[in-house]
Amino acid sequence: MKLTLNIWRQADSASPGKIHNYELDEVSEDMSFLEMLDVLNEELNAKGEEPIAFDSDCREGICGMCGLMINGEAHGPEVTTTCQLHMRSFKDGDSITVEPWRADAFPVVKDLVVDRGALDRIIAQGGYISVNTGAAPDAHATPVPKDKADRAFEAAACIGCGACVAACPNGSASLFLGAKITHLGELPQGQAERDSRVVNMVGQHDHEGFGGCTNIGECTAACPKEIPLDVISRLNWDLHAALRHGK
Amino acid sequence: MLMAVSGVLFIGFVLAHMYGNLKAFGGHDSFNEYAYHLRVIGEPLLPHEGFLWLFRIGLLAAIIVHVGCAVALWRRAGKARTVKYVVTKNKASSVSSRTMRWGGLTILVFIIWHLLNFTIVKVNPNTGDTGSAAGDPYNLLVDTFDVWWMTVIYLVALVALGMHLHHGIWSSAQTLGLTNNDRARRNAKAIGAILAIVVAGGFSLVPIFVLAGVITK
Ligand code: HEM
Ligand code: SF4
Ligand code: FES
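Residues numbered from 1 in each chain as written. Chains lettered and ligands numbered in written order. Predicted model: local features only at pLDDT ≥ 70, side-chain atom pairs only at ≥ 80, totals over all residues. Heavy atoms only, no water.

All names here are of chain A. Two elements in contact, helix α2 (residues 117–124) and helix α6 (residues 194–207), have axes whose closest approach is 8 Å; the angle formed by their N-to-C orientations is 155°. Taken together, the axes of α2 and α6 lie roughly antiparallel to each other. Remark: the crossing between α2 and α6 carries right-handed chirality. For the pair α2 and α6, the contacting residues are Arg 121, Ile 122 and Ile 123 in the first and Met 201, Gln 204 and His 205 in the second. (Axes fitted to C-alpha atoms, helices over the stretch in contact; angles between N-to-C directions. Helix = DSSP H or I, 4+ residues; strand = E, 2+ residues; numbered from the N terminus. Parallel < 35°, antiparallel > 145°, perpendicular 65-115°, else oblique. Left-handed = near helix turned anticlockwise from the far one by under 90°. Contact = heavy atoms within 4.5 Å.)

Here it is in structure tokens:
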């Protein structure tokens, strides 16, 4: 198939960017979206033009590197990551606009690549449990009720891709935060640091310049891992509990 | 959180206010008696209009908190994304959720208009009289809604209020941490939708029935 691609080009974080238009012929519908961009880059290389910078790593939907805004939808029209999106989701003759995640907390590095370090700094403020290294404890040493285990597992599916931020009209990372808080807060191992975790992570979130959540719900619809909106309720509940405990 | 608590206060207020308005169906005396009663609750423990003033101060404080939070959220959102998308698409959000800010402002402007109309200045748009000459509460109400464009303004404001409640009610449940699973979320959304229709519909009855000539002096 033949496509018109309108792609955001920006030399570096300091210079302004703009949309460039490219025509691409003979795109196979079995290609992934990233393979399609690889083909375009080969053409640009052959012509001696600067290839388009975009991020990817695993290309199997688990690392969270590959986020792109495709026709106004984070990761494009399917419920999956950009690397797992295939060109059969598009039609011959389509015009596709590709932009980087837009959030001041995610500065553009080049073209479609943004720096998602803000999410790492949030994790560093408590998105972990403190344990001693050494031999792993027995798997059955700490019993976990099945419903809690399931819930923690669902939330743990978050890959930190940032699509929720990209899709949120407020530019908030609350779905990401809620996923981490729920994941660790549902498990016995997460209890010791439960209060300080939520207070510090929310503090870092606000410090990074993410917006405030007004429960609009675009995040869940964009999330490739289908993290449900109620993790944000859990986040709010835990935050109020921590403040009540005087943290 | 302050936003949610002040919002929930408003929900209580609009329900009570709606109940009062529906007394207009009971006729002239029933409505005026209610308006009078509001002014003497708590007497002689409280001075005349004492309860009413406590209530007014509480509501005013809640409005200040609510608008203050709204402004803070609006500014944070503005700063969180200074470079806009070329293409955007709404996949899942309701119109109500995306119009909280402009809808809220509409309600604020309306509240000021409404107070000028019925409480502070008391403008009777039919006779042009103001103050106590505008008539007792019931007559002022009937005269006001006999003017078609006044009824239209009120109905527009009520649509805005209904939409604000549609999203606001479930949103406050979420903000207070009460919707920790699918079912709780669905219930909160359903309650939001039902209360929005009850409030907007309930308030609309009086102006519509006045204009239609069912409620008369
Ligand atoms: C005075 C003018 C008003 C303005 C400018 C305003 C603005 C806002 C804004 C910007 C939000 C945040 C959006 C969100 O959380 O989804 C909000 C939430 C809300 N509003 Fe208002 N509003 C006003 C009046 C009212 C009134 C009269 C009521 C009740 C009848 C009300 C009830 C609520 C509720 C329950 C929420 C949800 C709070 C939360 O999410 O935690 N608001 N309002
Ligand atoms: S919650 Fe979903 S959209 Fe947000 S970072 Fe995690 S996986 Fe990505
Ligand atoms: S490249 Fe790893 S999730 Fe897409």
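With that settled, the discussion passes to the coordination of the iron atom of ligand 1. Residues and elements named next belong to chain B. Surrounding the iron atom of ligand 1 are the protein donor atoms His 66 (NE2) and His 164 (NE2), at 2.1 Å. One way to put it: the 6 donor atoms around the iron atom of ligand 1 meet at angles of 83 to 179°, and that makes the site octahedral. Here the residue His 66 occupies a position in helix α3 (residues 50–80), and His 164 occupies one in helix α7 (residues 148–175), the gap between them amounting to 98 residues. Like His 164, His 66 is buried. (Donors = N, O, S within 2.8 Å, 3.2 Å for Na, K, Ca; no water. Tetrahedral: all angles 85-135°; square planar, octahedral: opposite > 155°, others 65-115°. Buried < 20%, exposed > 50% of the residue type's maximum accessible area, 1.4 Å probe, protein only.)

We now examine the packing of aromatic side chains. In this structure the tally under the stated criterion is 12 aromatic pairs over all chains. For the pair Phe 33 of chain A and Phe 90 of chain A, a centre-to-centre distance of 5.8 Å together with 45° between the ring planes defines the contact as tilted. With Phe 33 of chain A in helix α1 (residues 33–46) and Phe 90 of chain A in the loop between β4 (73–74) and β5 (95–99), this pair connects stretches of sequence that are 57 residues apart. The class of Phe 33 of chain A is buried, set by a relative accessible area of 0%. An aromatic cluster is defined as three or more aromatic residues linked by ring pairs; in this entry it consists of Phe 110, Phe 118, Phe 145 and Tyr 154 of chain B. Note that Arg 56 of chain B overlies the ring of Trp 53 of chain B, its terminal NZ or CZ placed 4.8 Å from the centroid. (Phe/Tyr/Trp six-rings, centres within 6.5 Å; stacked < 30°, edge-to-face > 60°. Lys NZ or Arg CZ within 6 Å of the ring centre and 35° of its normal.)

Residue and element names in this part refer to chain A. Strand order in this open sheet of 5 strands is β2-β1-β5-β3-β4, and the pairing throughout is mixed. The open sheet has two free edges, formed respectively by β2 (18–24) and β4, since each of these has just one partner strand. By the bridge criterion, 7 bridges tie strand β1 (residues 3–9) to β2 in an arrangement that is antiparallel. Bridge pairing in β2 links Leu 3 to Leu 24. Packed on one face of the sheet, α1 meets β1, β2, β3 (69–70) and β5 and runs near 90° to β2. (Pairing = 2+ DSSP bridges.)

Below, the discussion takes up the site of ligand 2. Residues and elements named next belong to chain A. If you check the shell around ligand 2, you find Cys 158, Ile 159, Gly 160, Cys 161, Gly 162, Ala 163, Cys 164, Leu 175, Phe 176, Cys 223, Pro 224 and Ile 227 and nothing else. Among the secondary structure elements, those contributing two or more residues to the shell around ligand 2 are α4 (163–167) and α5 (174–185). Here the shell around ligand 2 is built from residues that sort into 10 nonpolar, 2 polar and no charged. (Near = heavy atom within 4 Å. Nonpolar A, V, L, I, M, F, W, Y, C, P; charged D, E, K, R; others polar.)

All names here are of chain A. Domains assigned within chain A are domain 1 (3–110) and domain 2 (116–129 + 142–244). A separation of 28 Å is found between the C-alpha centroids of domain 1 and domain 2. Listed as interface residues are 15 residues of domain 1 and, on the opposing side, 18 residues of domain 2. A combined buried area of about 1,300 Å² lies between domain 1 and domain 2, and 66% of that area is made up of carbon and sulfur atoms. Taken as a group, Val 79, Ala 105 and Phe 106 account for 37% of the area that domain 1 buries against domain 2, more than any other trio of residues on that side. At the surface where domain 1 touches domain 2, the tally comes to 0 salt bridges. Applying the counting criterion to the domain 1 and domain 2 interface returns 3 residue pairs in polar contact (both at pLDDT 80 or more). Among the residues making up the side of domain 1 that touches domain 2, the classes are represented as 10 nonpolar, 5 polar and no charged. (Domains from an automatic or database assignment. Buried area = accessible area lost by both parts, 1.4 Å probe. Salt bridge = Lys/Arg side-chain N within 4 Å of Asp/Glu carboxyl O. Polar contact = N/O pair within 3.5 Å; in protein donor to acceptor, adjacent residues only side chain to side chain.)

Of all residues adjacent to ligand 1, which total 22 residues, the nearest are Phe 10, His 66, His 164, Ser 171 and Thr 175 of chain B. Ligand 1 is flanked by residues contributed from chains A and B. Contacts to ligand 1 include His 66 of chain B, whose side-chain N or O atom sits 2.8 Å from a nitrogen atom. In this structure, an oxygen atom belonging to ligand 1 sits 3.1 Å away from a side-chain N or O atom of Thr 175 of chain B. Sorting the residues of the shell around ligand 1 by element identifies α1 (2–22), α3, α5 (100–118) and α7 of chain B as the ones contributing at least two each. Element by element, the count of residues in the shell around ligand 1 is highest for α7 of chain B, at 8 residues. Broken down by class, the residue content of the shell around ligand 1 amounts to 11 nonpolar, 10 polar and 1 charged.

All names here are of chain A. Here the phi dihedral of Asn 71 falls at roughly 50°; this positive angle occurs in a residue that is not glycine. For Asn 71, the location among the structural elements is in the loop between β3 and β4. The class of Asn 71 is partly exposed, set by a relative accessible area of 22%. Located in the positive-phi region is Glu 226, a residue other than glycine, with phi close to 50°. By secondary structure assignment, the location of Glu 226 is in the loop between α7 (218–222) and α8 (230–244). Judged by its relative accessible area of 57%, Glu 226 falls in the exposed class.

All names here are of chain A. Among the 5 residues in β5, 4 count as buried, and that is most of the element. Strand direction decides the pairing type here: β1 and β5, joined by 4 bridges, are parallel. Counterpart to Ile 7 in the pairing with β5 is Val 98. Across 2 bridges, the pairing between β3 and β5 is antiparallel.

Here we come to the pattern of salt bridges. All chains considered together, the criterion is met by 20 salt bridges over all chains. Notably, a salt bridge pairs Arg 234 of chain A with Asp 238 of chain A, separated by 3.3 Å at the nearest N-O pair. Remark: Asp 238 of chain A and Arg 234 of chain A occur in helix α8; sequence separation between them is 4 residues, near one turn of the helix. Exposure remark for Arg 234 of chain A: the relative accessible area of 17% places this residue in the buried category. Judged by relative accessible area, Asp 238 of chain A falls into the buried class, the value being 4%. Three or more residues joined by partner-sharing salt bridges are found here, namely Lys 148, Arg 151, Glu 154, Glu 186 and Asp 230 of chain A together with Asp 182 and Arg 185 of chain B.

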